[in-house]
Amino acid sequence: MSLTLKDLQAQVDAWIRQFEEGYFPPLLMLARMTEEVGEIARVLAHQHGKKPKPGEAEGELAMELADLLFVLVSMANSHGIDLEEAFTRVMQKYEARDRTRWTPKRD
């Protein structure tokens, strides 16, 4: 099953709207996003560096990235942002601005 960003946004919205509390306030969502980025850093430190703390569980990078995606989608939803449209715009920006920034691969 292939999901679009619109699908992800609708799925997160449906899940959150089943609760009276609804979406977290923006600064709390930012704190949650920061927490998830820290958890991603911890997993990468386990995989590619030294363990941050002896005995600490490594964690699963895929799940930590998915947690971050959930919070990011929640933030977009709460601000009425269409992530597909925004992502299309940002890719156009990168393609124009960074077209000659790096060395292209030769096939």
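Going by an unreviewed UniProt entry, the chain carries the name MazG nucleotide pyrophosphohydrolase and comes from Marinithermus hydrothermalis.

Undergrad: Would you take a moment to explain the nonpolar core for this structure?
TA: Nonpolar side chains in soluble globular proteins tend to end up buried together. Within the largest apolar cluster, seven residues are counted, these being Val12, Ile16, Tyr23, Met29, Val73, Ala76 and Leu83. Looking at this core, the elements that each hand over two or more residues are helix H1 (5-17) and helix H3 (61-78). When near neighbours in sequence (up to four residues on either side) are disregarded, Val73 contacts Leu8, Gln9, Val12 and Leu83.

Undergrad: When you look at a nonpolar patch on the surface in this model, what are you seeing that I'm missing?
TA: Taken together, the side chains of Phe87, Met91 and Tyr94 present a nonpolar region at the surface, about 280 Å² in accessible area. Note on placement: Tyr94 falls in helix H4 (residues 83-97). Taking relative accessible area as the criterion, Tyr94 reaches 37% and is therefore assigned partly exposed.

Undergrad: Would you explain the packing of H1 against H4 in this entry?
TA: The description of two helices packed together rests on the angle between their axes and the distance between the axes. Running from N to C, H1 and H4 cross one another at 140°; their axes reach a closest spacing of 8 Å. Of the residues in H4, those touching H1 at Leu5, Lys6 and Gln9 are Leu83, Glu84 and Phe87. Split by residue class, the contact of H1 with H4 holds three nonpolar, one polar and two charged.

Undergrad: Where do I start with the side chain of Gln9 in this structure?
TA: Assignment of secondary structure puts Gln9 in helix H1. Taking relative accessible area as the criterion, Gln9 reaches 8% and is therefore assigned buried. A polar contact of 2.7 Å, which involves the side chain of Gln9, links it to the side chain of Asn77. At 2.8 Å, the side chain of Gln9 and the backbone nitrogen of Leu83 are in polar contact. When near neighbours in sequence (up to four residues on either side) are disregarded, Gln9 contacts Val73, Ala76, Asn77, Ile81, Asp82, Leu83 and Glu84.

Undergrad: So what exactly am I meant to see when it comes to H4 here?
TA: Each α-helix turn comprises 3.6 residues. Residues three or four places apart therefore point the same way. Taking 1.5 Å per residue, 15 residues should reach 21 Å; H4 reaches 20 Å between its end C-alpha atoms and fits that length. The distance from a side-chain oxygen at the start of H4 to the backbone nitrogen of Glu84 is 2.9 Å, and the residue carrying that oxygen is Asp82.

Undergrad: Looking at this model, I keep getting lost on the packing of aromatic side chains. Mind explaining?
TA: Going through the model one piece at a time under the given rule, you end up with two aromatic pairs. Arranged with centres 4.9 Å apart and planes meeting at 65°, the rings of Trp15 and Phe19 form a pair that is edge-to-face. When its relative accessible area of 38% is taken as the criterion, Phe19 is described as partly exposed. Ring centres of Trp15 and Phe70 lie 5.9 Å apart, and the angle between their planes is 80°; on these two criteria the pair is classed as edge-to-face. Here the residue Trp15 occupies a position in helix H1, and Phe70 occupies one in helix H3, the gap between them amounting to 55 residues. The exposure class of Trp15 is partly exposed, given its relative accessible area of 46%. Given the relative accessible area of 28%, Phe70 is considered partly exposed.

Definitions and limits used
Residues numbered from 1 in each chain as written. Predicted model: local features only at pLDDT ≥ 70, side-chain atom pairs only at ≥ 80, totals over all residues. Heavy atoms only, no water. Core = buried A, V, L, I, M, F, W, Y, C linked by side-chain atoms within 4.5 Å. Buried < 20%, exposed > 50% of the residue type's maximum accessible area, 1.4 Å probe, protein only. Helix = DSSP H or I, 4+ residues; strand = E, 2+ residues; numbered from the N terminus. Contact = heavy atoms within 4.5 Å. Patch = residues over 30% accessible without salt bridge, like charges linked within 9 Å, V, L, I, M, F, W, Y side chains within 5 Å. Areas by Shrake-Rupley, 256 points an atom, 1.4 Å probe, with all protein chains shown as cover. Salt bridge = Lys/Arg side-chain N within 4 Å of Asp/Glu carboxyl O. Axes fitted to C-alpha atoms, helices over the stretch in contact; angles between N-to-C directions. Nonpolar A, V, L, I, M, F, W, Y, C, P; charged D, E, K, R; others polar. Polar contact = N/O pair within 3.5 Å; in protein donor to acceptor, adjacent residues only side chain to side chain. Expected span 1.5 Å × (residues − 1). Phe/Tyr/Trp six-rings, centres within 6.5 Å; stacked < 30°, edge-to-face > 60°.

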